[in-house]
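Remarks on the overall topology
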Amino acid sequence: MLAAILSLGCIGLVAAIALGFAAKKFAVEVDPRELAVLEVLPGANCGACGFPGCAGYAKALVAGKIDLNQCPPGGAELVTQLANILGVEASAAAPEVAVVLCQGDNHRAQLKYRYLGLEDCTAAQKIADGPKSCPGGCLGLGSCQRACPFNAIEITPEGLAVISREKCTGCRKCISVCPRQTIRMTPLESTVHVLCNSHDKGALVRKYCQIGCIGCHICQKTVPQAYRVENFLAEVVYEEHLVAMEAIDKCPTKCIRDFATGYPDGSSLLPSTDPEKSDAA
Amino acid sequence: MAIKLKTFCGGIHPPGNKQWSAHKPIEDCPLPEEFIVPLAQHIGAPSTACVEPGQLVAKGQTIGAPKGFVSVPVHAPTSGEVVAVEPRPHPWGTSLPAVVIRPDGEDRWAEELEAADPNDLYPEDMVERVRLAGVVGMGGAAFPAHVKMSPPPEKKIHTLIFNGVECEPYLTADHRLMLEEPERILQGIALLRFIYGAERVVIGIEANKPDAIALLQAECKDTPVEVIALEVKYPQGAEKQLIAAVTGTEVPSGGLPMDIGVAVQNVSTAAAVTDAIIYGRPLIERICTVTGSAVREPKNLRIRIGTPLSHLVAVCGGLLEEPGKIILGGPMMGFTQTSFDVPAVRGSSGLLLLREEEVVCQAEGPCIRCARCVQGCPMHLLPTTIAAYARRNLVAEAAEYRAMDCIECGCCSYNCPATIPLVQAIRYGKAAIIAKKRALTL
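Calculation rules
Residues numbered from 1 in each chain as written. Chains lettered and ligands numbered in written order. Predicted model: local features only at pLDDT ≥ 70, side-chain atom pairs only at ≥ 80, totals over all residues. Heavy atoms only, no water. Helix = DSSP H or I, 4+ residues; strand = E, 2+ residues; numbered from the N terminus. Rg over C-alpha atoms; globule rule 2.2 N^0.38 Å. Contact = heavy atoms within 4.5 Å. Axes fitted to C-alpha atoms, helices over the stretch in contact; angles between N-to-C directions. Parallel < 35°, antiparallel > 145°, perpendicular 65-115°, else oblique. Buried area = accessible area lost by both parts, 1.4 Å probe. Salt bridge = Lys/Arg side-chain N within 4 Å of Asp/Glu carboxyl O. Buried < 20%, exposed > 50% of the residue type's maximum accessible area, 1.4 Å probe, protein only. Polar contact = N/O pair within 3.5 Å; in protein donor to acceptor, adjacent residues only side chain to side chain. Pairing = 2+ DSSP bridges. Domains from an automatic or database assignment. Nonpolar A, V, L, I, M, F, W, Y, C, P; charged D, E, K, R; others polar. Right-handed = clockwise from strand over helix to strand, strands pointing away. Phe/Tyr/Trp six-rings, centres within 6.5 Å; stacked < 30°, edge-to-face > 60°. Lys NZ or Arg CZ within 6 Å of the ring centre and 35° of its normal.

Considering the overall build of chain A
When helices and strands are counted, chain A shows 11 helices and eight strands. For 281 residues, the compact-globule formula gives about 19 Å, and the C-alpha radius of gyration of chain A, at 26 Å, lies well above that figure. With the principal axes as the frame, chain A shows a C-alpha extent of 90 × 50 × 30 Å. Counting only contacts in chain A whose residues sit at least 6 apart along the sequence, the fraction spanning at least 24 positions is 57%.

Here we look at the packing of helix α4 (residues 182-196) of chain B against helix α7 (residues 267-278) of chain B
All names here are of chain B. It is the contact of α4 with α7, at a shortest axis distance of 7 Å, that shows an interaxial angle of 80 degrees. With respect to α7, the axis of α4 lies roughly perpendicular. On α7, the residues that touch R184, I185, Q187, G188, I189, L191, L192 and I195 of α4 are V267, A270, A271, A272, V273, T274, D275, I277 and I278.

Re the interface of chain B and chain A
On the side of chain A, 15 residues touch chain B, which itself brings 15 residues to the contact. Interface of chain B and chain A: buried area, both sides summed, is about 1,200 Å²; carbon and sulfur atoms make up 63% of it. Per-residue buried area on chain B facing chain A is highest for B:T338, B:Q424 and B:Y428; these three make up 44% of the total on that side. For the pair chain B and chain A, the interface holds one salt bridge. We note a salt bridge from B:E356 to A:R114, for which the minimum N-O separation is 3.1 Å. By residue number, the principal contributor to the side of chain B that touches chain A is helix α13 (residues 422-441) of chain B, which donates four residues.

Section: the side chain of A:T191
Residues and elements named next belong to chain A. Tracing the sequence through the fold places T191 in the loop between β4 (183-187) and β5 (192-194). For T191, a relative accessible area of 11% corresponds to the buried category. A polar contact is formed between the side chain of T191 and the side chain of D258, at a distance of 2.7 Å. Filtering out sequence-adjacent residues up to four positions away, T191 remains in contact with R165, M245, R257, D258, F259 and A260.

Description of the environment of B:P417
All names here are of chain B. Along the chain, P417 turns up in the loop between α12 (411-415) and α13. Separated by 191 residues in the primary sequence, P417 and E226 have C-alpha atoms spaced 40 Å apart. Filtering out sequence-adjacent residues up to four positions away, P417 remains in contact with Q362, I368, C370 and R372.

Some thoughts on the environment of B:E180
Residues and elements named next belong to chain B. Here E180 shows up in helix α3 (residues 173-180). As a C-alpha pair, E180 and L215 span 35 residues in sequence and 9.8 Å in three-dimensional space. Excluding residues within four positions of it along the chain, E180 makes contact with K24, P25 and I26. Within the local environment of E180, its side chain forms a polar contact with the backbone nitrogen of I26, the two atoms lying 2.9 Å apart.

Description of the sheet that holds strand β2 (residues 35-38) of chain B
Strand pairing in a sheet relies on backbone hydrogen bonds. The paired strands run either parallel or antiparallel. Residues and elements named next belong to chain B. Spatial ordering of the open sheet is given by β2-β8-β7-β4, a layout of four strands whose pairing is antiparallel. With partners counted over all chains shown, the strands left at the sheet margins are β2 and β4 (56-57), one partner each. As paired elements, β2 and strand β8 (residues 95-103) share four bridges and run antiparallel to each other. Paired with P38 across the strands is A98, a residue of β8.

With respect to the side chain of B:T289
Summarising the element assignment, B:T289 is placed in strand β13 (residues 285-291). When residues no more than four places from it in sequence are discounted, the contact partners of B:T289 are B:S21, B:Y170, B:L171, B:T172, B:A173, B:K299, B:N300, B:S349, B:G350 and B:L351.

A short note on the domain arrangement of chain B
Residue and element names in this part refer to chain B. For chain B, the domain assignment lists domain 1 (31-113 + 282-358), domain 2 (118-279) and domain 3 (372-441). Spacing between the C-alpha centres of domain 2 and domain 3 amounts to 29 Å. Each partner contributes to the interface: domain 2 provides eight residues, whereas domain 3 provides eight residues. With both sides pooled, the region where domain 2 packs onto domain 3 buries about 590 Å², and carbon together with sulfur makes up 55% of that total. Of all residues in domain 2, Y234, Q241 and S253 bury the most surface against domain 3, accounting for 55% of the area lost on that side. At the surface where domain 2 touches domain 3, the tally comes to zero salt bridges. Across the domain 2-domain 3 interface, the total number found is five residue pairs in polar contact (both at pLDDT 80 or more). Grouping the constituent residues of the side of domain 2 that touches domain 3 by class yields three nonpolar, three polar and two charged.

So, the pairing of strand β11 (residues 225-230) of chain B
All names here are of chain B. The pairing of strand β10 (residues 200-206) with β11 spans six bridges and is parallel. Opposite I203, over in β11, you have V227 as the bridge partner. Regarding the hand of the β-α-β motif, the stretch spanning β10, helix α5 (residues 210-219) and β11 is right-handed.

With respect to the packing of aromatic side chains
By the definition in use, this model includes three aromatic pairs over all chains. Aromatic side chains A:F51 and A:Y57 sit 6.3 Å apart centroid to centroid with 40 degrees between the ring planes, which places their arrangement in the tilted category. Accessibility expressed as a relative area gives 26% for A:F51, which makes it partly exposed. Overall, the relative accessible area of 1% leaves A:Y57 in the buried class. Relative to A:Y263, the ring of A:F259 has its centre 5.2 Å away and its plane inclined at 85 degrees; by these criteria the two rings are edge-to-face. Of the two residues examined, A:F259 and A:Y263, each falls in the buried class. A cation over a ring is seen here: B:K233 above B:F8, with NZ or CZ 4.5 Å from the ring centre.

Details of the domain arrangement of chain A
Residues and elements named next belong to chain A. Here chain A is partitioned into domain 1 (32-86) and domain 2 (96-280). Taken over C-alpha atoms, the centre of domain 1 sits 31 Å from the centre of domain 2. Contacts between the two partners involve six residues from domain 1 and, on the opposite side, six residues from domain 2. Buried surface at the junction of domain 1 and domain 2, both sides included, amounts to about 440 Å², of which 67% is carbon and sulfur. For domain 1, the biggest contributors to the area lost against domain 2 are C46, P72 and P73; these three give 70% of the whole. Inspection of the region where domain 1 meets domain 2 yields zero salt bridges. At the junction of domain 1 and domain 2, the tally comes to one residue pair in polar contact (both at pLDDT 80 or more). In the side of domain 1 that touches domain 2, the residues fall into five nonpolar, one polar and no charged.

What about the packing of helix α1 (residues 123-132) of chain B against α7(B)?
Residues and elements named next belong to chain B. For the pair α1 and α7, the least separation of the axes is 8 Å and the interaxial angle reads 105 degrees. As far as their axial angle goes, α7 and α1 are roughly perpendicular. For the pair α1 and α7, the contacting residues are M126, R129 and V130 in the first and V273, A276, I277 and I278 in the second.

Some details on unusual backbone geometry
Of the consecutive residues B:Y234 and B:P235, the connecting peptide bond is found in the cis state with omega at -5 degrees. Within the fold, B:P235 resides in the loop between β11 and α6 (239-247). A positive phi is found at A:N231, a non-glycine position, where the angle reads about 55 degrees. Residue position: A:N231 is located in the loop between β6 (227-230) and β7 (233-236). Of note in the backbone geometry, B:R369 takes a positive phi value of approximately 55 degrees without being a glycine. Considering the arrangement of structural elements, one finds B:R369 in the loop between β17 (350-354) and α9 (372-376).

Laid out in structure tokens, this is it:
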């Protein structure tokens, strides 16, 4: 009994000395600033900065290899914090949010065929270009929802992806998984968007979707500076977003939406009420 | 005398359903009002249009020029006027460029087409004639025939197998061709044998076509061509499974039949080769079985390439009811269509119209590890494992389980009692593997 305690104790002592020595001798120098930076980064490891995770970005920041405003989830607040830690001047990039440019859920947009396969938009898109007749509409199978590290995307019961303006940090993960390029980055300050992604001619769009843009130019005629129509699809000129509201009621298919007054039908998300977030822009 | 028929390991036994059309002689399909001839009908680079709207074309005139080696020209199915060159709905599910021709009813052949005496031709000339005629594999995959006919010199082909299996349920196009036009097939076989310089020539036919087997056996009596009856099992007509059944050797994983000195051609391809080499006729028609419970009168039709499906249905007496599923090709590997506006193409061996109640629409259930997919897999893979990896985007693991060997025959999905979309998942995985490989090489 005693021998056992003694021998184990001796082994423990020797190992402790060896470990202590190794810890001193082979210590890895960590820049204290790097730790401080890592502390303030959001820690979502979303990859929006172009690095695999927050640690990589922190390292690059301290080494001065990259701008301070490359972390969309952190936003303006983070840029100020980073500037304080690193002792440099920096200005935040204009905050952006992702928007699903489609309102054609399974109720409003026509389906080409019954889809019973994998719950994945990319897999569905490979079968005759997806079950929706519209070539650009949201498939609603939730690939973006599963990719979102911030739980900002909702799939409505009728199969439409809706992104919360409050939760979206602009990391672009959803954009990289959407097989139809239906999601677009837009300036956070603008709440008005043309929610359609079909470049088909108006007559064709009307056949397969009740709420798609038919390229009629009425929005552009109402507020010429706030809209541009290319290839039968209207788009908000975001620099002029403040006057874009005026055309909303004029749109014959109601495909222009102001997110400040409400999210697309079927969504449980409530319109943006937090003035601070919208003022931050 | 009990004979054990030759076959491969794995596979399934779906109901044949060939009785609808097996006894129906081939009928010439009347010309439709409009032909839609897609420029992409084969594996490889699509051809480029070489006619313009308003131009008059003759039957057999080249309307699409090939682009690159793995590509074939496209020809006018009849004489008439080109009304448009524009994207049109394609059997592959999207809109792809096509030449739209309105027939003039004269059905006049182009003058440039020449017959030739095969005795005056070298193998290279024959292959060139096959290429110019736009011959592709007629079994359904539509791989350019001239590419298959030009193996690299170090790969000597000693066995040439002709595929008269037609293992897809419902289809009887090859069956009728073998019964009604054996001389066209046998001429093509003789030509292909000469081109390949093969020692052994085999025609493999599934045992559910005893009349075709007896007829071809009688025709081949004094020739070196063997006619072999094969077990009735799907996918007996898949290239690698046919080779395993006939030669007893398997094509190595990731390899091609030519690696073991074997080449496989469909019997309809042999007939098209005859037309191309001897008569100089391009591939503008094929046999297509229009069948299924939703069509009034199932038929075997000799159709021109580019005939809209709506016309085929009309020729067969119309629909009995609104079909629940429209499939171009066989039920196992064909392409499901969403409308009748698409044209039949070179690979369209059949048009299948199923009633709503025949279409199984069952939600996916959990895998119960019954291994029926493993049992059915003719490539000795573990479909459920590969599918599970593919669904989780574990690309390297899927590749390790040989996802790329999958021939997408659908046996696993057919067998699955939980209706898991196994083939779709594996196909998704295969696409991810290819994308990853491409990203690594760039």
